[in-house]
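Geometric and topological summary
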Amino acid sequence: MRNIINMIIKIAIIWGAAWMFQEYVKIQDTRTMVLVVATLLIASIVLTVIMMGVLILAALPGNGVGIGIAMLITIIMALASGIIQLMAAVHFVPGFEIHGKLTYIILALLMAVFSIEEKKEA
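The structure contained in this document is the topic of the report that follows. Keep in mind it's a predicted model, so treat the numbers as computed, not measured.

**Quick word on the overall build of the chain**
- Check the secondary structure of the chain and you find 4 helices and 2 strands.
- In terms of overall dimensions, the chain has a C-alpha envelope of 55 × 35 × 20 Å along the principal axes.
- Counting only residues that meet the buried cut, the chain has 30% of its 122 residues in that class.
- Within the chain, residue pairs in contact and separated by at least 24 positions form 65% of the contacts whose partners lie at least 6 positions apart.
- The centroid of the 7 positive side-chain charges in the chain is displaced by 3 Å from the centroid of its 6 negative side-chain charges.

Written as structure tokens, this is what we have:
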């Protein structure tokens, strides 16, 4: 349920940005919007797998310096994951365009702030 709500939130953010700031965010049609959200989801899964793979490789025996480098790579990828997801959507989905580096940052921040996280129970 949480994932469905997060996808609806992403649709609303991107659709709102395309409606309010047409010179920075362009969406061709509804099909394009669905493909963008699907691409964001797939990019999120791929980034998670890559981060886990880096951490697993760093935890192998005899990799003392590798742990620090892996943690640094993981932190950088976690901070930039929203921007990377949007860049993947722009690259792979025809009819979806984002203009300006600041637009990427603002959209990624909005998606991160308004996403619903899993509740941690004590």
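**Thoughts on the packing of helix H1 (residues 2–20) against helix H4 (residues 101–113)**
- Here H1 crosses H4 at 150°, and the two axes come no closer than 10 Å. The orientation of H1 relative to H4 falls into the category roughly antiparallel. When the axes of H1 and H4 are compared, the crossing they make is right-handed. Touching Lys 10, Ile 13 and Ala 17 of H1 are Leu 107, Leu 110 and Met 111, all from H4.

**Looking at the packing of H1 against helix H2 (residues 30–58)**
- The interhelical angle for the contact between H1 and H2, taken along N-to-C directions, is 125°, at an axis separation of 10 Å. It follows from the interaxial angle that H1 and H2 lie oblique. The handedness of the crossing between H1 and H2 comes out as right-handed. Note on element contacts: H2 touches H1 through Met 33, Val 36, Val 37, Leu 40 and Leu 41, opposite Met 7, Lys 10, Ile 11, Ile 14 and Trp 15.

**Things to note about H4**
- Taking 1.5 Å of rise per residue, 13 residues should cover 18 Å, and H4 covers 19 Å from first to last C-alpha, within 8% of that figure.
- All of the buried residues along H4 are Thr 103, Tyr 104, Leu 107, Ala 108 and Met 111. All buried residues of H4 fall inside an arc of 125° around its axis, so they share one side. The outward face of H4, more than 90 degrees from its buried face, is lined by the exposed residues Lys 101, Leu 102, Leu 109 and Val 113.

**A short note on the nonpolar core**
- Val 36, Leu 40, Leu 86, Phe 96 and Leu 107 are the most contacted members of the largest nonpolar core, which has 19 residues in total.
- Listed by contribution, the elements that provide at least two residues to this core are H1, H2, helix H3 (64–92), strand E2 (96–98) and H4.
- Residues contacting Leu 107, with those up to four places away along its chain left out, are Ile 13, Ala 17, Val 25, Leu 86 and Ile 98.

Basis of the calculations
- Residues numbered from 1 in each chain as written.
- Predicted model: local features only at pLDDT ≥ 70, side-chain atom pairs only at ≥ 80, totals over all residues.
- Heavy atoms only, no water.
- Helix = DSSP H or I, 4+ residues; strand = E, 2+ residues; numbered from the N terminus.
- Buried < 20%, exposed > 50% of the residue type's maximum accessible area, 1.4 Å probe, protein only.
- Contact = heavy atoms within 4.5 Å.
- Lys, Arg positive; Asp, Glu negative; His and termini not counted.
- Charge placed at Lys NZ, Arg CZ, Asp CG, Glu CD.
- Axes fitted to C-alpha atoms, helices over the stretch in contact; angles between N-to-C directions.
- Parallel < 35°, antiparallel > 145°, perpendicular 65-115°, else oblique.
- Left-handed = near helix turned anticlockwise from the far one by under 90°.
- Expected span 1.5 Å × (residues − 1).
- Arc of directions from axis to C-beta.
- Core = buried A, V, L, I, M, F, W, Y, C linked by side-chain atoms within 4.5 Å.

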